[in-house]
Structures are given as C-alpha cells and as structure tokens.
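Working through the structure, step by step
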Amino acid sequence: MNLWSDISTLTKEQFVAALGQLEEKVGPKPAARATKAKSASKAKAKLDTPAARIVALAGGSSVLERDLQRNLVTVLLQRGYPQDDFPKAADKSFEAWLEELMRRVPSADVMEAATSLVPKT
Amino acid sequence: MAPIKPVMAFLTMKGGVGKTTLAANLTRAMADIEKRKILLIDADAQCNLSQLFYEADDLDAVSTRTIYDALNGHKIMKPADLKRQIYKNSQNGSEIDFICGSFETFALAVNPSGLIERQTSERFRAFIQDAQRDYDIVAIDTNPSATMITMHALDVANFLVAPISFDKYSMRGVHLITSVLSPKYGWQKNPERVRVVPNRIKRPTTEAEQRKLFDAENRIRHAFPDLERSIVPNYIRQSAIVSNEARQVGFLADQRVPNREHLISLLNDFEQVAIDLLATQRKAFGDAQKDKGASGSAIQRAFASIFGEPMVRH
C-alpha cells in the first residue's frame, strides 16, 4: 500500500496490517509532551501585599469590594485624613486604588479599618 | 509654634528580632523616599549599630566622639560636636548623620546614683532638643532592656518603632512597653505614635503559606486590639543577606551581593514600611487641623470627589 492506493479495496485485516507496517516505518509515537507544572515559586502571590489581602477580605465579590471601598473612605475621612490623600477611584481596580492610597495614608490604619469593616466569621 | 519633630525610639524587650538592622535601613529608606535630614544615634551600650557602620579597626578611631560624651562629658555637647555624616542622597538632598555608641554608657547604667541619673537625663534631653532644631527626624537605637539610657531615650522620644516576629511573646514585649509605660509616656497610647513592624518573616512560596501568615497576623491583631492600628501590614522578610555571617559594613542598599534580585526584594520591603512611617509621622506631627475628623457635608463632598458620585446614605 502506498500513498495513492485505493484503500477501499482492502479488507479490514489487510488495512490494519498495512497500518502496522507504516507505523514500523515511521517509528514509535512520541510520548505525550509532559505538561509543565506550575512552579510554586512562580505562582501568583495573591496575598503578598496589604492591598491584595484587603481585596481578599471581599471574597471575590465586586459588590462587597465596592461597599468595602466606600466604607473605608468614610472611616478614614472620619479619622481625619484629608480628602487630598485619597486617589480618585475611577478607572482603576480596588487593589490599584489601595496601593496608591497606602502611599499617603498609613498602611496600618488602612488595614485595621478594612478588617474592622468586614464581619468576622 | 514650631512643629514638633519626631524622635523615634527603636525598642524591643526581646533581643534578636532585628531592631538594629531595622533602625539603620528604615532611616535610609525614609531618606531615599523623601528629603529628610536625619540624626541616627546608637544609644545601646552593645554598640551594634556602630558596628554595623564601622569595621572594628575604624570603630576605635571614631570612638573619640560618642553618645557617652553627650551624657557625661565635662563639656556640654551639641549634636554638631559628635555627629559624622554617613549618607547623603545627591538626588533629593537627604542626609543621615550618625552618633556612635560607646561601651562606657554601660558604666553609667551600673548602680547609677540619683544625681548621675538626673544629670544624664537632663543632658540627654537638652541634647535631643538641640537635635530637633537641626534635624527633621531623630532616630535612637536602644538596648532591649530597661537600662538607664533606654529610659532616657523613652523620656525624650515621641514615636516608637518596635520590630516583632509573629509570636505572642514578641508581641507581648511591645504590649508591655506601651501598657506599662504609657501612664508615664501618654503619647504611647496614641496608635499614630507607635509602629509595630513584622520583621524577619519567612517569605511564603505558596498561597496556602501566605494565608497561614495572614492568619498569624490576624491572631496577633485580635490578641492585642489596642495595638491593631499600630501593626504595619508590610513585612520585612527573612534574608540571609542580613545574617551576621553575610553582613557587610554599611546600609543594605549599598551591599554588593551575588543575588541582586534578592537584595532588591528586601529593599522593597524596607521601602514599604518606610512609606508607612513617613505617612504616619505626617499625620501624627502634622497640622492640628488635619487631625479633626471630617463629618457630614465634608465627607459627602470628599465622596463625590473620590468616586465621582454622591454618597448614598442607607
């Protein structure tokens, strides 16, 4: 059997035998490529920064994030931080906003205020 | 009225938590972030901070002018008489001057008479008041025990930085300082005047380890609620670079190490904590008007400005 043979004329047994011969010519099938295990050290450090940990308090809910952000602003304003210390919230994620906030407002205060706003389970 | 300037005491009740390394490298990080003129004082009779900046042979040479001279010299000393510049940032103009420690301060602490104690206390207070005129920040590294000079440092300080590891004993030491001493030093009750810095924290490599670390932090917060607003959520990570074996003389930022990436990561840790310190000091020592909390219409205006929408009352 070659590339242009009419395989419709072959019986099933002849066809299987011909395939076996072809496999011998080609060689063994290469082993499936091992999937690259994600290196633990390269796994995204989801809680590595205070901002990421505060975002995690909202448990992935965008509604809770929105509420937490607004309540956090209210609490910090009541503690005497001036309006100018707060970055604008538009066009940035909650985490990015927190990173910017904590350059002006002490991170300890932001973290404590955020954890106090989330009900303890 | 002249603004009050921070006098930071680096203090722990438990040795070996990295207080001296923290004192040196946080002040450097602060100087690199914002223009500051800082006076760093080694008030520990063990002179660890002095040994961090000078080789043993050089230490003998610089020991002609030390903090001991400010406490017990025959002449009244001013900071300018004893300081040595150890850092200048040519980009932002920050400077760090250093006053060496002396083993002789130990002699003052052993069986001091009431007269010596009063005299050294008054001299140290006057010395630090002079320093506050010349510098934006005064930082004092102290001995981790209640020696006379440590108490003098607390007498003049108005800001406390205490490193901890995430264990209750470490935190209890800080709680002891603030609860036992706060009747005498009222400012210690103010969370804006105390900074508790998690130091030498093992770097997690998985999310599970990170969550465990965050849980450890939360347990500490819950166990010491009066210090919650003082605990800095940025950690200084454990690193072989700062081990005694590997340590080179000088600031970490100036070290020559094979693993530069590791050093940069550690310097970033110090930078994040320094950002918190600078922001806290702006609040604690800033304009009195800013300390008054916003209320009512001021909050609503701020809200509209920050979020671009009015505040919704529930």
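Below is a summary of the structure that appears in this document. What you see is a predicted model; the values in this text were computed from it and never measured.

Describing the packing of helix α3 (residues 62-78) of chain A against helix α12 (residues 297-307) of chain B
Relative orientation of the contacting elements α3 of chain A and α12 of chain B amounts to 135°, with a least axis distance of 11 Å. The pairing of α3 of chain A with α12 of chain B is recorded here as oblique in orientation. The element α3 of chain A and its partner α12 of chain B pack so that their crossing is right-handed. On α12 of chain B, the residues that touch Q69, R70, V73, T74, L77 and Q78 of chain A of α3 of chain A are I299, A302, F303, I306 and F307 of chain B. Taken together, the residues of the contact of α3 of chain A with α12 of chain B sort by class into seven nonpolar, three polar and one charged.

Overview of the sheet that holds strand β7 (residues 194-198) of chain B
Residues and elements named next belong to chain B. An order of β3-β4-β2-β5-β1-β6-β7 is seen for the seven strands of this open sheet, with the pairing classed as mixed. At either end of the open sheet lies a strand with only one pairing partner, and these are β3 (84-88) and β7. Averaged over neighbouring strand pairs, the angle between their axes works out to 20° when direction is ignored. In this structure, strand β1 (residues 7-10) lies alongside strand β5 (residues 137-141), joined through four bridges in parallel fashion. The residue of β5 that forms the bridge with F10 is D141.

Describing the interface of chain A and chain B
Every contact between the two is made by 38 residues of chain A and, on the other side, 40 residues of chain B. Summed over the three residues of chain A that lose the most area to chain B, namely L47, R53 and R103 of chain A, the buried surface amounts to 17% of that side. For the pair chain A and chain B, the number of links is two salt bridges. Across the salt bridge formed by D109 of chain A and R229 of chain B, the nearest N and O atoms sit 2.6 Å from each other.

What counts and how
Residue indices follow the written sequence of each chain, beginning from 1 at its first position. Each chain is given a letter, starting from A, and each ligand a number, starting from 1, according to the order in which they appear as written. Side-chain atom pairs in this predicted model are given and counted only at pLDDT of 80 or more, local residue features only at pLDDT of at least 70, and totals for whole chains, interfaces and linings cover all residues. With hydrogens and water excluded, all non-hydrogen atoms of the structure serve as input to the side-chain values. For helices, the axis comes from a line fit to the C-alpha atoms of the stretch in contact; other axes are also lines fit to C-alpha atoms, and the angle between any two N-to-C directions lies between 0 and 180 degrees. Going along the chain from the N terminus, every DSSP run of H or I of four or more residues is numbered as a helix, and every run of E of two or more is numbered as a strand. Should an angle fall under 35 degrees it is called roughly parallel, over 145 degrees roughly antiparallel, and 65 to 115 degrees roughly perpendicular, with every other angle called oblique. Note on convention: the crossing is left-handed when the near helix lies turned anticlockwise from the far helix by less than a right angle, right-handed when the turn is clockwise. Two residues form a contact once any of their heavy atoms are found within 4.5 Å. By the convention adopted, Pro, Cys, Tyr, Trp, Phe, Met, Ile, Leu, Val and Ala count as nonpolar, Lys, Arg, Asp and Glu as charged, and the other residues, Gly among them, as polar. A pair of strands is treated as paired once DSSP finds two or more bridges between them. The buried area of a pairing is the accessible area, by a 1.4 Å probe, that goes missing from both parts when the two are put together, added over both. Think of a salt bridge as a Lys or Arg side-chain nitrogen and an Asp or Glu carboxyl oxygen that are within 4 Å of each other.

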